[in-house]
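Secondary and tertiary structure notes
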Amino acid sequence: MMMGRLALLLLLAFASLQLFCFADDDNNDDDVVFYESFEESFEGRWIVSNKDDYKGLWKHSKSEGHEDYGLLVSEKARKYAIVKVVDEPVSLKDGTTVLQFETRLQSGIECGGAYIKFLRPQEAGWKPEEFDNESPYSIMFGPDKCGTTNKVHFIFKHKNPKNGEYVEHHLKYPPSVPSDKLTHVYTATLKRDKEVKIMIDGEEKKKANFLAAEDFDPPLIPAKTIPDPDDKKPEDWDDKEKLPDPNAVKPDDWDEDAPMEIEDEEAVKPEGWLDDEPEEIDDPEATKPEDWDDEEDGVWEPPKMYNPKCAIAPGCGEWKRPMKSNPAYKGKWSPPLIDNPNYKGVWKAREIPNPNYFELDKPDFEPIAAIGIEIWTMQEGILFDNILIAKNEKVAKSYRETKWKPKFEVEKERQQAEEEASGLDFLASIKRKVFNALYQIADIPFLSNYKPQILDHIKKAEKQPNLTMGVLVSTVAIILTIFLKLIFGGKNQQCPRIETKPVPVVAETSDDQGSDGEKVEKAEKNEAAAAARRRRRET
């Protein structure tokens, strides 16, 4: 009996030990494949490319306002390339793989990338000391913003088993880059069920299927058929649906010379118009610079400013009647179009089986043998930190909570305090919220076909803050228009245009002199002047 009880106790103890050992099996050190904190200098551990194009200077530097170190892009308008070879290649074919890193745009960013390349083994034909944009990678992931480009890239290269060629596949409609100077953490999770999930600051922004044609461009699985390259359109094939009516004759009363606009004879000069006042006058506060040399620089002339007298009058200078549309205008005559009796439709080459077609149950990724940063940027101050490759999502979450989040919270509080101290907290926060909202709107899935156009106008608004409200209003208008068209007019609608009317910009001096009251007064005068100009154009 005693032996039986002892055996039972031993069994329970063993089971308890097993439960204890495996209770946290989903979050153990074995799941961390690679981790770089940059707490120690990168020199001797990372390899800086010696290629001639890559002259950007990498620095081991603290993140501004923190004791935490990172890898810093220290110079403007440079190309940078640096690589770290991992101890053993990381397989992407089985289970879950998480790619995660932090980046901070300490000086903001107008044109530059902050993405990472996860490189294939060196047998693919590259050397660490010669790392450049041609070095073969498996995955490229991270933020990139320049011009109308504003996206968090996710690109993977996949070998076609039929022809052996590597094809670059881009994630369609990726999320936008946060528009601030805070530290952000980017996470890409590759899962065993063919799925990839993109997160920014721990929030899911995009989910895609590697095998879905609608998620990647070009699709991973090629089309089964392709147009026959040897098939040619017959010479007698008529693909013009309409043609000018050969029997049409221009009417006798058609005046092709009538102008599009004529003077409005009924217009009357507004009362109070200042005929003898010029629209612009010499700035009375301008002074000749001390280093101005008349012989070398020419005769100095004071800069012009808008005549303040014109701001309180209907207008200044010589009054001219405004133009109006000419009711007699018809333009160049052309015969009307009629149906082409010989029309055969749009010609298409016949389809043939695609010799490069293949099928897969899941992507056949190449392993990761190195981590490389190869970027070109016009901005300095980009800081990389806490690069992680893990086999467990919980591990990545733990690193976000312990490494990234404390810094982010401190930076947010500091940013808010600085805005309050500067007295611009309200306007600055509103502006930031407006642009963040616009970028989030651009990421809405049903707007994906219109995203490039929306981003183009947002970019213009960032460069010209006086357009912000106009862009916001017109973006809302285009979203409503698209939404209504999708519901009532079908999905194959032409993208409506976003129109924004620029407001005259108040010029700022480089030394930013003058009290706040003077600046406000000057801004009010300029706004009044702008209103007067608009009234004059409308009369």
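Naming follows an unreviewed UniProt entry, where the chain appears as Calnexin of Gossypium raimondii. Among the UniProt annotations of the chain, the heading Subcellular location (unreviewed entry) holds the following wording: "Endoplasmic reticulum membrane". The heading Sequence similarities (unreviewed entry) in the UniProt record of the chain holds the text "Belongs to the calreticulin family."

Side note on the side chain of Asp-245
If you trace the backbone, Asp-245 turns up in the loop between strand 17 (242-244) and strand 18 (261-263). The charged side chain of Asp-245 is buried without a salt bridge, its nearest counter-charge being Lys-242 at 11 Å. Of note is the side chain of Asp-245, whose polar atom sits 3.0 Å from the backbone nitrogen of Asn-247. When neighbours within four sequence positions are excluded, Asp-245 is seen to be in contact with Pro-335, Pro-336 and Ile-338.

Considerations on the nonpolar core
Of all hydrophobic cores here, the largest spans 59 residues; its most connected members are Trp-58, Phe-118, Ile-139, Phe-141, Phe-154, Ile-371 and Phe-384. Ranked by residues supplied to this core, first place goes to strand 5 (residues 78-90) with 6 residues. Aside from chain neighbours lying at most four places away, what touches Ile-139 is Leu-92, Leu-99, Ile-116, Lys-117, Phe-118, Phe-154, Ile-155, Phe-156 and Leu-190. Ranked by size, the runner-up nonpolar core spans 5 residues in total, among them Val-98, Leu-388, Val-395 and Ala-396.

Points about a negative patch on the surface
Together, Glu-290, Asp-291, Glu-295, Glu-296 and Asp-297 line one region of the surface with negative charge. Structurally, Glu-290 is set in the loop between strand 19 (280-282) and helix 2 (294-297). By relative accessible area, Glu-290 is classed as exposed at 86%.

Let's talk about the state of the cysteines
Evaluated as defined, the whole model comprises 2 disulfides. With a sulfur-sulfur separation of 1.9 Å, Cys-111 is cross-linked through a disulfide to Cys-146. For the disulfide bridge between Cys-111 and Cys-146, the dihedral angle about the S-S bond is near -75 degrees, and by the sign convention the bridge is left-handed. Of this pair, Cys-111 sits in strand 7 (residues 111-113) while Cys-146 sits in strand 9 (residues 137-146), and the two are 35 residues apart along the sequence. Looking at Cys-111, the relative accessible area reads 12%, which means it is buried. Indicated for the chain is the disulfide connectivity 1-2, 3-4, based on numbering the bonded cysteines in sequence order.

Let's talk about the packing of aromatic side chains
Per the counting criterion, the structure on display carries 17 aromatic pairs. Summarising the aromatic geometry, the rings of Trp-58 and Tyr-80 are spaced 5.1 Å apart at their centres and angled 70 degrees between planes, so their arrangement reads as edge-to-face. On the criterion of sequence distance, the pair formed by Trp-58 in strand 3 (residues 58-62) and Tyr-80 in strand 5 is long-range, its members being 22 residues apart. Per residue, the accessibility class of Trp-58 equals that of Tyr-80, and both read buried. Ring pairs connect the aromatic residues Trp-58, Tyr-80, Phe-101, Phe-141, Phe-154, Phe-156, Tyr-186, Phe-210, Phe-216, Phe-365 and Phe-384, which therefore count as one cluster. Sitting over the face of the ring of Tyr-166, Arg-120 holds its NZ or CZ atom 3.8 Å from the ring centroid.

Some points on the pairing of strand 11 (residues 166-171)
The pairing of strand 10 (residues 149-159) with strand 11 spans 5 bridges and is classified as antiparallel. Looking at the pairing, His-158 lines up with Val-167 of strand 11. The hairpin turn running from strand 10 into strand 11, its antiparallel successor, is 6 residues long, and Gly-164 in that turn takes a positive phi close to 80 degrees. With 2 bridges connecting them, strand 11 and strand 15 (residues 216-217) associate as antiparallel partners. Counted as the bridge partner of His-170 is Asp-217 from strand 15.

Some words on unusual backbone geometry
The amide bond that connects Asp-217 to the next residue, Pro-218, takes the cis arrangement and shows omega of -10 degrees. Along the chain, the position of Pro-218 falls in the loop between strand 15 and strand 16 (225-227). With a phi close to 60 degrees, Phe-38 is a non-glycine residue in the positive phi region. Secondary-structure assignment places Phe-38 in the loop between strand 1 (32-36) and strand 2 (47-48). The backbone of Tyr-173 shows a phi angle near 50 degrees, a positive value even though the residue is not glycine. Along the chain, Tyr-173 turns up in the loop between strand 11 and strand 12 (183-190).

Overview of the side chain of Asn-386
Take Asn-386: it is sitting in strand 25 (residues 382-390). According to the relative accessible area criterion, Asn-386 is buried, its value standing at 7%. Of note is the side chain of Asn-386, whose polar atom sits 2.5 Å from the side chain of Tyr-35. A polar contact of 2.8 Å, which involves the side chain of Asn-386, links it to the side chain of Glu-102. Setting aside its immediate chain neighbours within four residues, Asn-386 contacts Tyr-35, Glu-36, Ser-37, Phe-38, Gln-100, Phe-101, Glu-102, Lys-403 and Lys-407.

Rules of the game
- Residues numbered from 1 in each chain as written.
- Predicted model: local features only at pLDDT ≥ 70, side-chain atom pairs only at ≥ 80, totals over all residues.
- Heavy atoms only, no water.
- UniProt positions renumbered as here; feature names shortened; annotations may be inferred.
- Helix = DSSP H or I, 4+ residues; strand = E, 2+ residues; numbered from the N terminus.
- Buried < 20%, exposed > 50% of the residue type's maximum accessible area, 1.4 Å probe, protein only.
- Lys, Arg positive; Asp, Glu negative; His and termini not counted.
- Salt bridge = Lys/Arg side-chain N within 4 Å of Asp/Glu carboxyl O.
- Polar contact = N/O pair within 3.5 Å; in protein donor to acceptor, adjacent residues only side chain to side chain.
- Contact = heavy atoms within 4.5 Å.
- Core = buried A, V, L, I, M, F, W, Y, C linked by side-chain atoms within 4.5 Å.
- Patch = residues over 30% accessible without salt bridge, like charges linked within 9 Å, V, L, I, M, F, W, Y side chains within 5 Å.
- Areas by Shrake-Rupley, 256 points an atom, 1.4 Å probe, with all protein chains shown as cover.
- Charge placed at Lys NZ, Arg CZ, Asp CG, Glu CD.
- Disulfide = S-S within 2.5 Å.
- Phe/Tyr/Trp six-rings, centres within 6.5 Å; stacked < 30°, edge-to-face > 60°.
- Lys NZ or Arg CZ within 6 Å of the ring centre and 35° of its normal.
- Pairing = 2+ DSSP bridges.

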